[in-house]
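# Observations on the three-dimensional arrangement
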Amino acid sequence: MEPFRVHLFVCTQQKPEGVISCSANGSLAVLDQLDREIQARGLDGDVQLTTSGCMGLCDEGPVMVVYPAGVWYRHVQPSDVREIVDVQLRDGQPVSRLVWNDAPAMKAMSVEHRQKVRAAMAAREKAGVLPEGLDQMIRGYMPSRCLLTALELDIFTATGDGANAEQIAMRIHANARAVGMLLDALVALGLLSKSGDDYRNTPESARFFVQGSKDNQRNGLLHTADIWHRWSTLTEALRRGSRVPMDRGKAPDWTRNFITAMQRNAKDRAGLVVKALGTAGVRRILDLGGGSGAYSIAFAKASPDLQCEILDVPEVVPLAAEYVSKAGVSAQVSLRAGDMLGDNLGSGYDLILLNAICHMFSEEQNRNLFRRVRQALAPKGRLAVQDFILNPDKAGPVRAALFSLNMLVGTEGGASYSESEYTEWMKAAGFSEVRRISLPGPTDLIVGRAE
Ligand SMILES: C[S@@+](CC[C@H](N)C(=O)[O-])C[C@H]1O[C@@H](n2cnc3c(N)ncnc32)[C@H](O)[C@@H]1O
């Protein structure tokens, strides 16, 4: 019994640069085209398209195999895809010009490949060569730094519809030789293309990094470029136990970049949080450290009876006001400048939100905050914390563990925390019915009810 009439495996194995492979021969473009054509023909329910690892036939790639027919294809190009979908996948007939049916030759090639791979692995092992994955991790900052610098200098916008290194250097007031080197690296990384002396944005770069594009994310990503400098102090922060004072002040647009970055994350998650918490019985919400206001805006839009109050530091309040006004919910969302750790929080709220807040603070600060939040809630009101939640042993998930270090280099006492820590702090502050609500993505909710 087959769950699908046809199951198509396409090799997308990636190998070190310079080593022949199906992906180096263009199998990802073939895969993309297959997916589009299968959908366009309405064959989704009949055909399962699956990527596969190496089949040992790299010299003949891109390679794919169709089951249960057992038909193998080689040297497949995107231009072949429409015929394969019509003839093989829809009509069940092989596309003879691309079929590879010399089973003894295929087997011999596969076996030879397997032996070569095993011999290479044994040789690397014997020579004590650093495994590829470790090597990549060590040098991972290089591509990251290239992209961050390109964003800082707004190189993708300067590239526009196509320009050479001198033109781009002139537009960003930088050195032409050095800019040429970065542009070539960006081409190698697949972020630009090059024809003769001219560079062009790839469709992805044009969409996400160029000013004027609807999906431009440059401003939010500049926050990552800002915190790069803090990450460079990680070694020293480990010696000190908290963030290292830095000579360089905050970048001029630091707060705006930060809030743009917060908005980028929050706008996707706000709907999930509203759905998970619901609005039944909720009239007044306090959004502590509300940032761009994305969560208050989403709650206000979900229920016209709701009033939300955002409390944030003075320099963030005008930025939040812009988002609130643009969303057309100013009548439901008010803003207050203040310090959530020291100021009176108010009283009678049905729901208090701490989205991406607790990681900024130490255990003691969070315990205190939870106690004061408890006092500010109406009877049976709820506290909802959304954050990265560490595993019980704290050694994962990767995003949460790395984010903890982000707080080490960026705050006095912040960190990521585990579910049991949040639960214990909430119970100690007088909350009951404490539970975790899983959300899609890297952060979850911990919710408690005021007793
Ligand atoms: C990581 S952002 C989260 C923003 C928002 N809750 C979200 O999830 O998008 C933290 C926010 O808390 C604010 N904040 C930090 N310390 C604060 C304090 N002591 N009092 C009030 N707001 C604070 C920051 O200005 C920032 O807007």
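Residues numbered from 1 in each chain as written. Predicted model: local features only at pLDDT ≥ 70, side-chain atom pairs only at ≥ 80, totals over all residues.

## Quick look at the site of the ligand
Around the ligand, the structure places 18 residues, and the nearest of them are Ala266, Gly289, Gly291, Asn355 and Ala356. Breaking the shell around the ligand down by element, the ones donating at least two residues are helix H12 (254-277) and strand S9 (307-312). Taken together, the residues of the shell around the ligand sort by class into eleven nonpolar, five polar and two charged. (Near = placed C-beta within 6 Å. Helix = DSSP H or I, 4+ residues; strand = E, 2+ residues; numbered from the N terminus. Nonpolar A, V, L, I, M, F, W, Y, C, P; charged D, E, K, R; others polar.)

## Some words on the domain arrangement of the protein chain
What the domain assignment lists for the protein chain is domain 1 (6-101), domain 2 (108-137), domain 3 (140-216) and domain 4 (256-450). For domain 1 versus domain 2, the separation of C-alpha centres amounts to 26 Å. Listed by partner, the interface residues are five residues for domain 1 and five residues for domain 2. The residue inventory of the side of domain 1 that touches domain 2, partitioned by class, reads four nonpolar, one polar and no charged. (Domains from an automatic or database assignment. Contact = placed C-beta atoms within 7 Å.)

## Quick notes on the pairing of strand S10 (residues 333-337)
Bridge count between S9 and S10: five bridges; the pairing is parallel. For isoleucine 310, the partnering residue across the bridge sits in S10 and is leucine 335. Taken together, S9, helix H14 (residues 317-327) and S10 constitute a β-α-β crossover, and its handedness is right-handed. (Pairing = 2+ DSSP bridges. Right-handed = clockwise from strand over helix to strand, strands pointing away.)

## Looking at the pairing of strand S11 (residues 349-355)
When you tally the buried positions in S11, you get seven out of seven residues, the bulk of the element. Here three bridges tie strand S8 (residues 284-288) to S11, and the two strands are oriented parallel to one another. Bridging across to S11, leucine 286 finds its partner in isoleucine 352. Here S11 pairs with strand S12 (residues 377-387) via six bridges, running parallel. Bridge pairing in S12 places tyrosine 349 opposite leucine 377. Once the chain exits S11 it traverses helix H15 (residues 363-376) before rejoining the sheet at S12, and the crossover so formed is right-handed. (Buried ≥ 20, exposed ≤ 12 C-beta atoms within 10 Å, placed from the backbone.)

## Observations concerning helix H7 (residues 165-172)
All of the buried residues in H7 are Ala165, Ile168 and Ala169. Buried residues in H7, looked at end-on, bunch into an arc of 100°, giving them a common side. Buried residues along H7 sit against helix H6 (155-159), strand S5 (163-164), helix H8 (176-188) and strand S7 (198-201). Downstream of H7 by a residue or two, histidine 173 has a phi angle that is positive, lying close to 55°. (Arc of directions from axis to C-beta.)

## Side note on the nonpolar core
Core analysis: the biggest nonpolar cluster contains 66 residues, and Ile285, Leu288, Tyr295, Ile297, Ile352, Leu354 and Leu383 have the highest contact counts within it. Contacts of isoleucine 352, omitting those with residues within four sequence positions, involve Leu286, Leu288, Val373, Ala376, Leu377 and Leu383. Ranked by size, the runner-up nonpolar core spans 25 residues in total, among them Cys22, Tyr73, Val76 and Val85. (Core = buried A, V, L, I, M, F, W, Y, C linked by C-beta atoms within 7 Å.)

## Some details on the sheet that holds strand S6 (residues 192-195)
Strand order in the open sheet formed by three strands is S5-S7-S6, with antiparallel pairing between adjacent strands. The open sheet has two edge strands, S5 and S6, and neither has a second partner. Sheet topology places S6 next to S7; four bridges connect them, and they run antiparallel. Paired with lysine 194 across the strands is tyrosine 199, a residue of S7.

## Some points on the sheet that holds strand S4 (residues 71-73)
The strand order S2-S1-S3-S4 describes an open sheet built from four strands, whose pairing is mixed. The open sheet has two edge strands, strand S2 (47-52) and S4, and neither has a second partner. Recorded for the sheet is a direction-independent mean angle of 20° between the axes of neighbouring strands. As judged from the four bridges shared by strand S1 (residues 6-11) and strand S3 (residues 64-67), these two strands associate in the antiparallel manner. Note on S3: the bridge partner recorded for phenylalanine 9 is valine 65. (Axes fitted to C-alpha atoms, helices over the stretch in contact; angles between N-to-C directions.)

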